[in-house]
Amino acid sequence: MPAHWYYNRAALRSDYGVITDLVAPRATHPDSILWRSKYRAPNAKGEILHDQAQYWGQRGVHYHQFLQAGESTINLKLAAIALRSIREHGRYEPEDYLRRYVDFMTTPGRHRDTYLEECHRHFFERYALDVDPRRCAAVEKHVGGLAGPLAVAAALSERPDEAREAALEHMRWTHQGPAMESALHLVLDILFELFDGISLEDAIGRRLDGDSLPAEMKSWLSFPDEAVIGGLLSPACYLDDAVPATIYLALKYADDPQRALIVNANLGGDNCHRGAVLGALLGAAHGPKAWPQRWRDGLLDLPPA
């Protein structure tokens, strides 16, 4: 999270060194675009920035300046909310999640994240104008939209057909469009094969010869990671590069999940959402033992057990 959306890796090293553990963010961020990000709520129903609004339009502000080490950003906090709903109902209840989503975003003090992504701003701009909530999402293409749906799918993994439909339904609240659905189906296909005991290498390898992933990905495994993510692929949030980048890391570090997340964090860019997908795949492949106890003990936004 501290390295989120750093595109200057020299600045990232200067600010944090090599990140290997949970770290709190600095107040400043040299690559921050918050100064040109905008949101104006149409009315009180769409107010989601609350006391963070004062930082919008300023230069150098870290997107997550008030979060603590081990605290999740908005999309993962929302994933935990979805998991609590599933825990209480035994299934995914769309209207219950919507109620919780709106309450979380519109109640002052429910979160301390400074930056809210376009998907949430678009939803609440329309929601405030009494648009049907199922029609408030934008057509999207960002990897952040996969984080919550993967958590939903994992929670319902013993019922795969239900899990897939629930994941798609959950994603459509904020991320709609064929690109999002295609990306989610790809990652879910791999995830469910991992739950069935297929190795990560096999689950990914059988998709390298099709249209889903670059056939040359295996040849990249001998390259430096910075040459792949930041060279062949953008480290940014757009699906066309972010999904292959994530799966490349999963394949390269299939037997070393801790190393995978450390490498991903230090590559910057949209490392948070790459990391959410990467962690889901590696966690499904290895189980809880994939992660050191100190990481798990340091998490502040634990989902329900």
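Coordinates for the structure precede this section.
Residues numbered from 1 in each chain as written. Predicted model: local features only at pLDDT ≥ 70, side-chain atom pairs only at ≥ 80, totals over all residues. Heavy atoms only, no water.

Caption draft 1: A negative patch on the surface, seen in detail. On the surface, Glu-201, Asp-202, Asp-255 and Asp-256 cluster together into a patch of negative charge. By the secondary structure assignment, Asp-255 is in the loop between helix H11 (239-252) and helix H12 (257-266). (Patch = residues over 30% accessible without salt bridge, like charges linked within 9 Å, V, L, I, M, F, W, Y side chains within 5 Å. Areas by Shrake-Rupley, 256 points an atom, 1.4 Å probe, with all protein chains shown as cover. Salt bridge = Lys/Arg side-chain N within 4 Å of Asp/Glu carboxyl O. Lys, Arg positive; Asp, Glu negative; His and termini not counted. Charge placed at Lys NZ, Arg CZ, Asp CG, Glu CD. Helix = DSSP H or I, 4+ residues; strand = E, 2+ residues; numbered from the N terminus.)

Caption draft 2: Seen up close, the environment of Tyr-127. Its location among the elements puts Tyr-127 in helix H4 (residues 118-127). Relative accessible area serves as the criterion here: at 16%, Tyr-127 is assigned to the buried category. In the structure, Tyr-127 is positioned 146 residues away from His-273 in sequence and 25 Å away in space, judged by C-alpha atoms. The contacts of Tyr-127, once residues within four sequence positions are left out, are Lys-45, Val-102, Pro-133 and Cys-136. (Buried < 20%, exposed > 50% of the residue type's maximum accessible area, 1.4 Å probe, protein only. Contact = heavy atoms within 4.5 Å.)

Caption draft 3: Examining the nonpolar core more closely. One finds Phe-124, Leu-146, Ile-190, Leu-200, Ile-204 and Leu-281 to be the most contacted residues of the largest nonpolar core, which totals 82 residues. Looking at this core element by element, the count peaks at 10 residues for helix H7 (residues 178-195). Here Ile-190 is in contact with Leu-200, Ala-203, Ile-204, Arg-207, Ile-247 and Leu-281, once residues within four sequence places are set aside. Ala-3, Leu-12, Tyr-16 and Ile-19 belong to the second-largest nonpolar core, a separate cluster that totals six residues. (Core = buried A, V, L, I, M, F, W, Y, C linked by side-chain atoms within 4.5 Å.)

Caption draft 4: Unusual backbone geometry, seen in detail. Unlike most non-glycine residues, His-50 shows phi in positive territory, near 55 degrees. Of note, Asp-130 is a non-glycine position whose phi angle comes to about 65 degrees, a positive value. With respect to the secondary-structure elements, Asp-130 resides in the loop between H4 and strand S1 (138-139).

Caption draft 5: Local environment of helix H2 (residues 74-89). In this model, H2 (16 residues) spans 23 Å end to end at C-alpha, consistent with the 22 Å of a helix rising 1.5 Å per residue. Among all positions in H2, only Ile-74, Asn-75, Lys-77, Leu-78, Ala-79, Ala-80, Ile-81, Ala-82, Leu-83, Ser-85 and Ile-86 are buried. In this fold, the buried residues of H2 make contact with helix H3 (94-106), H4, helix H5 (147-155), helix H6 (160-172) and helix H13 (271-286). Just downstream of H2 lies Gly-90, where phi reads positive at about 80 degrees. (Expected span 1.5 Å × (residues − 1).)

Caption draft 6: Inspection of the pattern of salt bridges at higher detail. Counted according to the given criterion, the structure contains 20 salt bridges. Salt bridges here are not isolated pairs; linked through shared partners, they connect Glu-71, Lys-77, Arg-112 and Asp-301.

Caption draft 7: Highlighting H13. In this model H13 runs 21 Å from its N-terminal to its C-terminal C-alpha over 16 residues, within 8% of the 22 Å that 1.5 Å per residue would give. By the criterion of burial, H13 is predominantly enclosed, with 12 of the 16 residues buried. All buried positions along H13 are accounted for by Asn-271, Cys-272, His-273, Arg-274, Gly-275, Val-277, Leu-278, Gly-279, Leu-281, Leu-282, Gly-283 and Ala-284. Residues of H13 that are buried make contact with H2, H5, H7, helix H8 (200-205), H11 and H12. Remark: Gly-287 follows H13 within two positions and exhibits a positive phi of approximately 80 degrees.

Caption draft 8: Examining the packing of aromatic side chains more closely. By the definition in use, this model includes 16 aromatic pairs. A centroid spacing of 5.9 Å and a plane angle of 5 degrees characterise the contact between Tyr-97 and Tyr-101, whose relative ring orientation is stacked. Of this pair, Tyr-97 and Tyr-101 both sit in helix H3, four residues apart, roughly one helical turn. Residue classification places Tyr-97 among the buried positions, given a relative accessible area of 4%. We classify Tyr-101 as buried; its relative accessible area is 0%. (Phe/Tyr/Trp six-rings, centres within 6.5 Å; stacked < 30°, edge-to-face > 60°.)

Caption draft 9: Focus on the packing of H5 against H7. Put simply, H5 and H7 touch, their axes get as near as 11 Å, and they point 30 degrees apart. Crossing hand, H5 versus H7: right-handed. Residues Pro-149, Leu-150, Ala-153 and Ala-154 of H5 form the contact with H7, whose own contacting residues are Leu-184, Val-187, Leu-188, Leu-191, Phe-192 and Phe-195. Taken together, the residues of the contact of H5 with H7 sort by class into 10 nonpolar, no polar and no charged. (Axes fitted to C-alpha atoms, helices over the stretch in contact; angles between N-to-C directions. Left-handed = near helix turned anticlockwise from the far one by under 90°. Nonpolar A, V, L, I, M, F, W, Y, C, P; charged D, E, K, R; others polar.)

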